[in-house]
Amino acid sequence: ALKTLPEIQRRVCDSCHRTLLFEGIELLESEERKQVRLSIGQGPDADLEGAYDVHLDIRPVPGIDVVGAWQDVVFPRDSFSYIFSSQTLEHLSRADQAQALRKAYFWLEPGGVLDIWTPDLEQQVEWVIAHEITWEWFQQVCYGEQDYPANTHLWVHTKASLDAMVIAAGFVID
């Protein structure tokens, strides 16, 4: 496992396979000092259970606190203990993904968690070949729904490519 200096160590969940650690949220809520959690790109469904303190989305819809693109928004260093992004990263170009991940690293406090859910292209290919998903579903994974301008997929990862990108941004993978 790769390591960084303890004071700047962050970690990212095994996200390509959609392993979300909800128990991690409970742990953060039970700690003594206030933890600030950021949700990125969840749109109108940003916080159905009140789990997040700040909501970032590119669309100005109800429930969003900060409107803007992940890679362009500015927050101070160490602003958040937990950053959650589901089905968002693939909507950015590869260069913008790298910038967004560097920003997330900057925004996370030492020991913070970046939790990303994003399609695993390799898994999707296996499923389409095995006829476990339809060709139409596979195309949606690759290109997005395209029902509004920002809802297109510009770069989809495999587990290995996402791991490489988050490590390049400074994260440690647990």
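Going along each chain's sequence as written, the residues are numbered from 1 onward. Local features in this predicted model are restricted to residues of pLDDT 70 or higher, and side-chain atom pairs are both shown and tallied only at a pLDDT of 80 or more, whereas totals for entire chains, interfaces and linings draw on every residue. Computation of side-chain values covers all heavy atoms of the structure but excludes hydrogens and water.

Caption draft 1: Spatial organisation of the nonpolar core. The criterion is simple. A nonpolar core is a set of buried Ala, Val, Leu, Ile, Met, Phe, Trp, Tyr and Cys residues joined through side-chain atoms within 4.5 Å. Think of it in three bands: with a 1.4 Å probe and only protein chains considered, a residue is buried below 20% of the maximum accessible area for its type, exposed above 50%, and partly exposed in between. Counting residues in hydrophobic clusters, the biggest one holds 24 residues, and the most contacted among them are Leu38, Trp70, Ile83, Trp107, Leu114 and Phe171. Contributions of two or more residues to this core are made by strand 2 (37-40), strand 3 (54-57), strand 5 (80-86), helix 2 (94-107), strand 6 (108-117) and helix 5 (159-168). In this structure tryptophan 70 touches Ile40, Leu56, Ser85, Thr88, Leu89, Leu92, Ala100, Lys103, Ala104 and Trp107, once residues within four positions along its chain are discounted. Each helix is a run of DSSP H or I of at least 4 residues and each strand a run of E of at least 2, with the numbering of both proceeding from the N terminus. What makes two residues a contact is simply this: any of their non-hydrogen atoms within 4.5 Å.

Caption draft 2: Geometry of unusual backbone geometry. Of note, histidine 131 is a non-glycine position whose phi angle comes to about 60°, a positive value. For histidine 131, the location among the structural elements is in the loop between helix 3 (121-129) and helix 4 (135-143).

Caption draft 3: Highlighting the pattern of salt bridges. Each reported salt bridge corresponds to a side-chain nitrogen of Lys or Arg within 4 Å of a carboxyl oxygen of Asp or Glu. In total, this model carries three salt bridges according to the counting rule given. A salt bridge links arginine 59 to aspartate 57; its shortest N-O distance comes to 3.6 Å. Given a relative accessible area of 23%, arginine 59 falls into the partly exposed group. The partner of aspartate 163 in a salt bridge is lysine 159, and the shortest N-O contact between them spans 2.9 Å. A residue pair is termed a helical-turn pair when its members lie 3 or 4 positions apart in one helix, as aspartate 163 and lysine 159 do in helix 5 at four residues. The class for lysine 159 is partly exposed, based on a relative accessible area of 27%.

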